[in-house]
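Take a look at the letters that make up each chain.
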Amino acid sequence: MVSETFIAYWGCPFPEHIKMDLNDMKAHYCTSVVLWVPECDLIFHPKSKIEYTLKYAKEIGMKVWVDLWGFGNITCHNARMSQFVEENYEAWQVGSDGKPTPIACPNNPKFREWFKRKIVEFIERYPVDGFLFDEIHFDDRNWPKVWHCRCDNCRKLFKERYGKDMPLELTEEVIKFRQETMIDFIDHLCTSVKECDRRIETSICLYPEVEVPSRFGTEDWEGISKIKNLDVLGTDPYWIPIEDRIGAERSPYKMRKGEDVTSRYKWFTRKVIELSKTEGKKSCIWVQACCIPAGKENEVYKAVVTAAQLGVDMIGAWSYMDYGFENPSDNPRLVFLELTKAYAEVLKIPR
């Protein structure tokens, strides 16, 4: 049975609007809010957006999660607003073509320490029940012709592990190295949380790509599920491409051949549940509630109900009243109502 229903929230710096939005979520069967927090919000809106949102959500009985969205540009492929990356060129990922790209390398010691410090500072300052580490990835520029990362740190670690120079080709050893790098980095983030407060939950949302090799480097779901300090294993098998920075053609959110919404959510939900049960984790499925064309709003309802019927523990949705990009939902309110109609049903709340 579903125990928790999330909704992601971009938020705003206006307390009265925040109260209106959170009360709306609460009234529509969202048990938890996930606040997107890009690096710039820690500079410009630490009290008006972050602190007020989290405190008020707790006051009305909602569980509060935080998505450190775009930190180092390594979380969420559409984020490109990291101050750390802007100021630390030496920490950038480097492609097999020798060109740097503005995403921090998960093997860079300075970046890892910085990210840990930000987590600690956040926990010390704000009330938070959980952290969502969202769509962590290697850059996929010109994939598969070009792969990442081949920076000095990665080349050094590869040589220590395999006793030879890192090749330019995407060999089996390079594929394995990339997978192990991502497992180690996610473990680093989760451990950073637990070292501060073991009561705070940790969750990962993996791109819905499990092919080997994967452009993002996170295809070893089994290895990720074994991370000791990870509490929740999840994915977001969205079905409508998002017109964002990388474009709809390269979007990781699209139907595979022969899929519909129901079959897609069955496949990914079963995989997440199987691995979660094996490793004693909670399972989470994220449902697309953004970029929905008119006439397809009911597909949001179908995705929620499909995941719930298979026994997933938690369901999230991205996001509250849409978030735009180049193809926002035609009817954001109708999308929200279809979503929360399903939430009420899976939580077994009489309406």
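Residues numbered from 1 in each chain as written. Predicted model: local features only at pLDDT ≥ 70, side-chain atom pairs only at ≥ 80, totals over all residues. Heavy atoms only, no water.

Asker: Quick question: what am I supposed to make of the sheet that holds strand 1 (residues 4–9) here?
Answerer: Two modes of strand pairing occur in sheets, parallel and antiparallel, and in both the strands are linked by backbone hydrogen bonds. Ordered by their spatial adjacency, eight strands build a closed barrel running 1-2-3-6-7-8-9-10, and the pairing between neighbours is parallel. Each neighbouring strand pair of the sheet contributes to a mean axis angle of 25°, computed without reference to strand direction. One ladder, built from four bridges, connects strand 1 with strand 2 (residues 32–36); its direction is parallel. In the strand pairing of strand 2, F6 is matched with S32. Contacts between helix 7 (residues 172–196) and the sheet are confined to strand 6 (130–134) and strand 7 (201–206), with strand 7 contributing the most and set at about 160° to the helix. (Pairing = 2+ DSSP bridges. Helix = DSSP H or I, 4+ residues; strand = E, 2+ residues; numbered from the N terminus. Axes fitted to C-alpha atoms, helices over the stretch in contact; angles between N-to-C directions. Contact = heavy atoms within 4.5 Å.)

Asker: Is there a simple way to think about the side chain of R264 in this case?
Answerer: Mapping R264 onto the fold places it in helix 9 (residues 261–279). Residue R264 is classed as buried on the basis of its relative accessible area of 1%. Non-local contacts of R264, meaning those with residues more than four positions away in its chain, are made with P208, P237, Y238, W239, P252, K254, M255, R256 and E259. (Buried < 20%, exposed > 50% of the residue type's maximum accessible area, 1.4 Å probe, protein only.)

Asker: Help me understand the packing of aromatic side chains, please; the structure alone is not making it clear to me.
Answerer: Pairs of aromatic rings are described using the distance from one ring centre to the other and the angle between the two planes. Taken as a whole, this structure holds 30 aromatic pairs when the rule is applied. When the ring of Y89 is compared with that of W92, the centres are 5.2 Å apart and the planes differ by 65°; the resulting orientation is edge-to-face. A ring pair is formed by F122 and Y126, whose centres lie 4.6 Å apart and whose planes are at 50°; its orientation type is tilted. When sorted by exposure, F122 lands in the same class as Y126, which is buried. Between the NZ or CZ atom of R256 and the centre of the ring of W267, over which it lies, the distance is 4.4 Å. Here K341 stacks its cationic end above the ring of Y301, 4.7 Å away from the centre of that ring. (Phe/Tyr/Trp six-rings, centres within 6.5 Å; stacked < 30°, edge-to-face > 60°. Lys NZ or Arg CZ within 6 Å of the ring centre and 35° of its normal.)

Asker: What's the story with the pairing of strand 3 (residues 63–67) in this structure? I'm lost.
Answerer: A regular strand places its side chains on the two faces of the sheet in alternate fashion. Within strand 3, four of the five residues are buried, which leaves the element mostly enclosed by the surrounding structure. With three bridges joining them, strand 3 and strand 6 adopt parallel strand pairing. Looking across to strand 6, one finds that W65 is bridged to G130.

Asker: Would you mind going over the packing of helix 9 against helix 10 (residues 298–309) with me for this structure?
Answerer: Think of two packed helices as two axes; the pair is described by the angle between the axes and how far apart they sit. Running from N to C, helix 9 and helix 10 cross one another at 35°; their axes reach a closest spacing of 9 Å. Of the two elements, helix 9 crosses helix 10, and the hand of that crossing is right-handed. Here V261, T262, Y265, K266 and T269 of helix 9 come into contact with helix 10, specifically with E299, A303, T306 and A307. In terms of residue class, the contact of helix 9 with helix 10 is built from four nonpolar, three polar and two charged. (Left-handed = near helix turned anticlockwise from the far one by under 90°. Nonpolar A, V, L, I, M, F, W, Y, C, P; charged D, E, K, R; others polar.)

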